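Reading the structure
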Amino acid sequence: MRRWTVGGALIRNGDGLLLVANRRRDQSVEWTPPGGVVDPGETVLEGLGREVLEETGLRVTGWSHLVYGVVVDAPDMGWQLRVEAWEAEGVEGEIVMADPDGIVEVGKYVDAANAVKLLAASPPWVRDPVGDWLVNSVATHYRYLLRGHQRGAARIERVE
């Protein structure tokens, strides 16, 4: 079973929530909060700060709190994903798109209504908790089960 941890950054300013457009292997685009895979030897917050800087050029000056956690089990595909989403207390710099992985193409602050629209094409383990958080009804834990051998064709069920 392959397991990895991802950090997600919930960054707000007067214009709304920061979302980034991620180009996937199948050329589709998913909007998500900035973040990414935590490397071995990093804490979640170290990895998250690094990912935000790499993806957006912004430096997070502090983290408020862990907003929610997500676990996605995909036993048929042999993997498990764990996500921690943290709210940023402050950021420095300007948005500059220079993702070394070549995945993040655009970043912008959007109001709640537009965020929900952009998140509609994202997986439910991104869309649901972020959408809930935007309307202040977030749970602290989300768990999903994927059944099937290909992510695009898998059945996704929220189990917690």
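One structure accompanies this document, and this report is about it.

The rules behind these values
Residues numbered from 1 in each chain as written. Predicted model: local features only at pLDDT ≥ 70, side-chain atom pairs only at ≥ 80, totals over all residues. Heavy atoms only, no water. Helix = DSSP H or I, 4+ residues; strand = E, 2+ residues; numbered from the N terminus. Buried < 20%, exposed > 50% of the residue type's maximum accessible area, 1.4 Å probe, protein only. Core = buried A, V, L, I, M, F, W, Y, C linked by side-chain atoms within 4.5 Å. Contact = heavy atoms within 4.5 Å. Salt bridge = Lys/Arg side-chain N within 4 Å of Asp/Glu carboxyl O. Pairing = 2+ DSSP bridges. Axes fitted to C-alpha atoms, helices over the stretch in contact; angles between N-to-C directions.

**Some points on unusual backbone geometry**
In this model, Gln27 sits at a positive phi of 75°, which is unusual for a non-glycine residue. Tracing the backbone through its elements, the reader meets Gln27 in the loop between β3 (16-23) and β4 (29-32). Judged by its relative accessible area of 51%, Gln27 falls in the exposed class.

**Let's talk about the nonpolar core**
By size, the foremost hydrophobic cluster in this structure holds 27 residues, and its most contacted members are Tyr68, Val70, Val72 and Trp125. Elements with a minimum of two residues in this core: β1 (2-10), β3, β6 (59-74), β7 (79-92), α2 (112-119), α3 (124-134) and β9 (141-147). If near-sequence neighbours (up to four positions away) are discounted, Val70 is found in contact with Leu81, Arg82, Val83, Trp125, Pro129, Tyr142 and Tyr144. Formed by 12 residues, the second largest nonpolar core is a distinct cluster that contains Ile11, Val44, Val52 and Leu58.

**Overview of the pattern of salt bridges**
By the definition in use, this model includes 12 salt bridges. For Arg23, the salt bridge identified is with Glu105, shortest N-O distance 3.0 Å. You can see Arg23 sitting in strand β3 and its partner Glu105 sitting in strand β8 (residues 104-110), a full 82 residues away along the chain. Looking at Glu105, the relative accessible area reads 37%, which means it is partly exposed. A salt bridge links Glu30 to Arg24, with the nearest nitrogen and oxygen atoms 3.0 Å apart. The partly exposed category is assigned to Arg24, whose relative accessible area is 27%. Each member of the salt-bridge network shares a partner with another, and the members are Asp39, Glu42, Arg50, Glu51 and Glu54.

**As for the sheet that holds β1**
Pairing is mixed in the open sheet, where six strands are placed in the order β5-β1-β7-β6-β9-β10. The two strands at the open ends of the sheet, each matched to only one other strand, are β5 (35-37) and β10 (155-158). Across the sheet, the axes of successive neighbouring strands diverge by a mean angle of 25°, strand direction being ignored. With three bridges joining them, β1 and β5 adopt antiparallel strand pairing. Within β5, the residue paired with Gly8 across the bridge is Gly35. Along the sheet, α3 contacts β1, β6, β7, β9 and β10; its crossing angle with β9, the most-contacted strand, is approximately 155°.

No statement about biological role is implied by the geometric values presented.
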